[in-house]
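Chains, contacts and geometry: an overview
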Amino acid sequence: MDRRVTPYSGRVAHVSLKGRISAPLTEGRSGRIVVPLADLRDKPGGARDRQLLMGAAVTVIDHEEGHLFVQSRRDGYCGWVESAAVGEGPEPTHWVAAPATHLHTEPLVQAPETASLSLGSQLAVTAFSGAWAQTPQGFVPLCHLRPIGQWAPDAVSVAESLLGTPYLWGGNSRFGIDCSGLVQVALHATGCDCPGDSDMQMEMGRPLAPQEGLSRGDLLFWKGHVALVVNPDVLIHANGATMSVACEGIVEAIRRIAEAGGGPVLARKRPG
């Protein structure tokens, strides 16, 4: 079983694993991420695997020394987060569709900000004040939000809105992102499900036949790397060469990655 998507902390397992694992079982409890960004780690205080954004729904399965073992409801990814990152709250009504936004203390551009939120964060809007949306956490410019269900029409345009975002291993936000995080954030913004890591992402979608040309939104996979096709000649990816989200010629990227020891393209996929 892949530990990344197996709801088993090493001590306690979710009831969905009944009959598959010998451990105490729990139905867990529902929670939401209540901080702007939470690292999802392989063990309490351990290495970051991925990140969860504000409003993300989780199932809490175990706890240990100020940390909670959770499973993300959206993609099934499991790991440990700090206890303070999880709480309860109303069902989100809107998501952040801008690359990033701020929470403000009042519905004024001059009002102090209390936190920064990344594209993909989810909020419960409780009221509107002119050009502002009120949430339990503060006020957000309404133009930065979309109702949940009103998704972006094009994953590549979402990825392009994050051009220049610094590369961060395991990152899922405007403040730092990796190759699979970029693909996941972009596809989630269009309402499509997408797993968290590139090897998992390589299993989704339809393989392109050798004679099929590349189209906008297709995915190219290398060992441990993934990129989105912008057009038949250009891709966009979060990469270690520029340490950022950047566009690059497809032919040039294939050559550069091979010369750096990353091997050939392993798969060409069309999501959906």
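Our structure's up above, just so we're on the same page.
Scope of this entry: the structure provided in the associated data block. Every value quoted in this text rests on a predicted model; they were computed, and no experiment measured them. (Residues numbered from 1 in each chain as written. Predicted model: local features only at pLDDT ≥ 70, side-chain atom pairs only at ≥ 80, totals over all residues. Heavy atoms only, no water.)

**Considering the sheet that holds strand 10 (residues 94-96)**
Strand order in this open sheet of three strands is 13-10-17, and the pairing throughout is antiparallel. Edge positions in the open sheet fall to strand 13 (122-123) and strand 17 (145-147), since each of these has one partner strand only. Pairing between strand 10 and strand 13: two bridges, direction antiparallel. Looking at strand 13, one finds that H94 is bridged to L123. (Pairing = 2+ DSSP bridges. Helix = DSSP H or I, 4+ residues; strand = E, 2+ residues; numbered from the N terminus.)

**What to know about helix 2 (residues 179-189)**
Buried residues dominate helix 2, accounting for 11 of its 11 residues. Within the span of helix 2, buried status applies to C179, S180, G181, L182, V183, Q184, V185, A186, L187, H188 and A189. One or two residues past the end of helix 2 sits G191, with phi positive at roughly 90 degrees. (Buried < 20%, exposed > 50% of the residue type's maximum accessible area, 1.4 Å probe, protein only.)

**What to know about the nonpolar core**
Most often, soluble globular proteins keep nonpolar side chains buried together rather than apart. In this structure, I177, L182, V183, L219, L228 and I236 are the most contacted members of the largest nonpolar core, which totals 28 residues. Of all the elements, helix 2 adds the most residues to this core, at seven residues. Filtering out sequence-adjacent residues up to four positions away, I236 remains in contact with A159, E160, L163, L182, A227, L228, V230, V245, A246 and C247. I33, V70, Y77 and A85 belong to the second largest nonpolar core, which has 14 residues in total. (Core = buried A, V, L, I, M, F, W, Y, C linked by side-chain atoms within 4.5 Å. Contact = heavy atoms within 4.5 Å.)

**Side note on the environment of P90**
Relative to the elements of secondary structure, P90 occurs in the loop between strand 9 (86-87) and strand 10. Along the sequence, P90 and S22 sit 68 residues apart, while their C-alpha atoms lie 35 Å from each other. Here P90 is in contact with R32, A124 and P136, once residues within four sequence places are set aside.

**Thoughts on the layout of surface pockets**
Approximately 490 Å³ is the volume attributed to the largest pocket. Lining the largest pocket are 28 residues, with A56, R74, G120, Q122 and H188 sitting closest to its centre. Elements with a minimum of two residues in the lining of the largest pocket: strand 5 (48-53) and helix 2. For the second largest pocket, the calculated volume is near 280 Å³. Lining the second largest pocket are 19 residues, with W169, D197, S198, D199 and G224 sitting closest to its centre. Secondary-structure elements contributing two or more residues to the lining of the second largest pocket are strand 5, helix 2, helix 3 (198-201) and strand 21 (219-222). Grouping the constituent residues of the lining of the second largest pocket by class yields eight nonpolar, four polar and seven charged. (1 Å grid on protein atoms, 1.4 Å probe; cavity = no way out; pocket = protein on both sides within 12 Å on 5 of 7 lines; lining within 4 Å. Points joined across faces, edges and corners; volume = space filled by probe spheres on them. Nonpolar A, V, L, I, M, F, W, Y, C, P; charged D, E, K, R; others polar.)

By themselves, these are just geometric observations and shouldn't be taken as functional.
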